[in-house]
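Inside the fold
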Amino acid sequence: MQTSVTTIERFVLDQEDRFPEATGELSNLLYDIALAAKIIAAAIRRAGLVDVLGYAGGKNVQGERQQKLDVLANETIKNSLKHTGRVCAMGSEEDEDIIPVPPEYAAGKYAVLFDPLDGSSNIDVNSAVGTIFSIYRRVSLEGRGTAADVLQPGCRQAASGYVMYGTIFSIYRRVSLEGRGTAADVLQPGCRQVASGYVMYGSSTMLVYTTGQGVHGFTLDPTIGEFLLSHPRIITPRVGTYYSVNESNFGRWDKAVQTAVRGLKGDIPDGLKPKNSRYIGSLVADFHRNLISGGVFLYPADTRNPNGKLRLLYEASPMAFIAEQAEGSATDGVARILDMIPHSLHQRTPLVIGSREDVGFVADAIRRVFDSTRVSGSYYEPAL
Ligand code: FDP
């Protein structure tokens with residue numbers, strides 16, 4: 001029996017100790033999410049036993065049928081965050097609008113975005129699903145200062161002084177953050193994330209996250225109910241073994257994407273060594289496998305999803321932060337995901353993510369086709 005383990009709590013605290021200015025709020029936010037993940041994991045484990053399988057009857061903002069577990073996961077995360085005083089606003093793939101912190105609770109300095117249950121079409125067949133989250137620092141400070149800001153003990157002064165003709169002054173850091181978060185807090189480019197991560201509910205439950213200090217993975221030990229450090233400092237292979245894409249869309253892709261995917265399969269002379277195909281259709285599970293074993297996941301635009309299918313804020317940006325921190329990369333085919341400026345909460349984007357050289361290969365292949373078609377007069381040439 002192992003007697004020395006690193007819990008997620010200890011690990012996050014150790015990391016926080018490296019930053020003397022840290023207040024511990026981000027660490028606590030990560031525990032809040034870890035707690036929500038345990039509750040969701042427990043519900044998923046029992047899904048075949050209790051009446052939570054199947055549709056809840058409603059449709060979400062994307063027009064997709066909501067499953068009972070989708071609803072449960074969404075409510076669990078919101079309930080774990082809204083009262084903590086650490087969050088100013090939330091955004092969920094399941095909710096149309098920004099989710100304000102209820103007026104009875106204090107608003108905090110972080111905005112949290114999440115896809116509560118990604119890959120939900122896999123739920124009823126007992127395949128892996130996941131939760132994805134993304135944390136930004138609040139940028140709006142709409143509320144005016146309050147009495148709390150001026151009625152502080154002297155030991156909290158940030159500066160004080162006097163001017164010889166008789167003026168004395170005293171400066172305090174603001175303590176009130178009364179205003180609720182706004183759209184500006186949730187519509188930030190991925191490069192501004194302070195943390196992101198995912199939870200995979202698979203044969204075991206894993207939580208993988210980054211705060212910009214590398215990527216670390218924890219496995220839930222169900223016997224003690226704790227996430228234990230199992231994958232410290234994950235680095236993804238530079239070149240992968242796998243390519244993961246829904247190839248039934250082949251005929252709906254443009255010529256550039258078709259060429260890139262043919263290249264990944266080794267169908268282009270003098271191109272890549274052929275890769276093996278693996279596709280579950282659950283982003284967290286597909287991404288996680290490729291992160292550990294090396295590979296590239298693609299969800300390109302197609303004629304049915306002209307802007308791609310996946311959501312920039314709930315799926316692409318958080319995964320891109322992890323990919324880059326693990327020394328991989330993420331693009332929309334050619335441009336870096338983390339530089340994209342979101343204009344709406346549920347914006348979609350094409351996504352190519354994983355091992356750095358493979359993502360680069362796809363970008364080169366797409367650019368080459370674009371360049372050659374531009375010469376012949378048309379930029380985007382439909383495949384069929
Ligand atoms: P799902 O529709 O089952 O929720 O964005 C959601 C997502 O799954 C991703 O997890 C997954 O990678 C992708 O869609 C699968 O889409 P296809 O079924 O079109 O391949």
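From a predicted model like this one, the values you see are computed outputs, not experimental measurements.

A separate point is the overall build of the protein. When its secondary structure is counted, the protein shows nine helices and 19 strands. Residue pairs in contact within the protein that sit at least 24 positions apart in sequence constitute 65% of those at least 6 positions apart.

Attention shifts here to the site of the ligand. Taken together, the neighbourhood of the ligand is formed by 15 residues, with Asp118, Ser121, Tyr279, Tyr299 and Glu315 sitting nearest. A distance of 2.5 Å is found between an oxygen atom of the ligand and a side-chain nitrogen or oxygen belonging to Ser121. Between an oxygen atom of the ligand and a side-chain N or O atom of Lys309, the distance comes to 2.9 Å. Relative to its free-state accessible area of 460 Å², the ligand is covered by the protein chains to the extent of 85%. At the level of secondary structure, the elements contributing two or more residues to the shell around the ligand comprise β15 (295-299) and β16 (310-311). Considering only residue class, the shell around the ligand consists of five nonpolar, six polar and four charged.

The next thing to look at is the nonpolar core. Formed by 41 residues in total, the largest nonpolar core has its most connected members in Leu81, Phe114, Leu117, Ile135, Tyr201, Tyr209 and Phe227. Every residue in contact with Phe114, bar those within four places of it in the chain, is listed here: Asn74, Ile77, Lys78, Leu81, Met90, Gly91, Ser92, Glu93, Ile99, Ile132, Phe133 and Tyr314.

This part covers empty space enclosed by the protein. The tally for this structure, following the rule as stated, stands at two cavities of 30 Å³ or more. Of the volumes computed, that of the largest cavity is approximately 40 Å³. Around the largest cavity sit Ile33, Ala36, Ala37, Ile40, Ile77, Phe114, Thr131 and Phe133, which together line it. Contributing elements (two or more residues each) for the lining of the largest cavity: α2 (25-45) and β6 (129-137). Residue contributions to the lining of the largest cavity peak at four residues, all from α2. Residues of the lining of the largest cavity, tallied by class, amount to seven nonpolar, one polar and no charged. Around the second largest cavity, the lining residues are Thr236, Phe287, Leu291, Ala323, Gly328, Gly354 and Ser355.

Okay, a nonpolar patch on the surface next. Among the surface-exposed residues, Val163, Tyr165, Phe169 and Ile171 lie close enough to one another that they form a single nonpolar patch of about 410 Å² accessible area. When you line up the elements, Phe169 lands in strand β8 (residues 167-172).

Take Gly240: it is sitting in the loop between β12 (226-231) and β13 (242-244). Residue classification places Gly240 among the buried residues on the basis of a relative accessible area of 11%. For the pair formed by Gly240 and Asp358, sequence separation is 118 residues and the distance between their alpha carbons is 6.9 Å. In contact with Gly240, not counting residues within four places along its chain, are Lys275, Gly294, Gly295, Ser355 and Asp358.

Parameters at a glance
- Residues numbered from 1 in each chain as written.
- Predicted model: local features only at pLDDT ≥ 70, side-chain atom pairs only at ≥ 80, totals over all residues.
- Heavy atoms only, no water.
- Helix = DSSP H or I, 4+ residues; strand = E, 2+ residues; numbered from the N terminus.
- Contact = heavy atoms within 4.5 Å.
- Near = heavy atom within 4 Å.
- Polar contact = N/O pair within 3.5 Å; in protein donor to acceptor, adjacent residues only side chain to side chain.
- Areas by Shrake-Rupley, 256 points an atom, 1.4 Å probe, with all protein chains shown as cover.
- Nonpolar A, V, L, I, M, F, W, Y, C, P; charged D, E, K, R; others polar.
- Core = buried A, V, L, I, M, F, W, Y, C linked by side-chain atoms within 4.5 Å.
- Buried < 20%, exposed > 50% of the residue type's maximum accessible area, 1.4 Å probe, protein only.
- 1 Å grid on protein atoms, 1.4 Å probe; cavity = no way out; pocket = protein on both sides within 12 Å on 5 of 7 lines; lining within 4 Å.
- Points joined across faces, edges and corners; volume = space filled by probe spheres on them.
- Patch = residues over 30% accessible without salt bridge, like charges linked within 9 Å, V, L, I, M, F, W, Y side chains within 5 Å.
- Salt bridge = Lys/Arg side-chain N within 4 Å of Asp/Glu carboxyl O.

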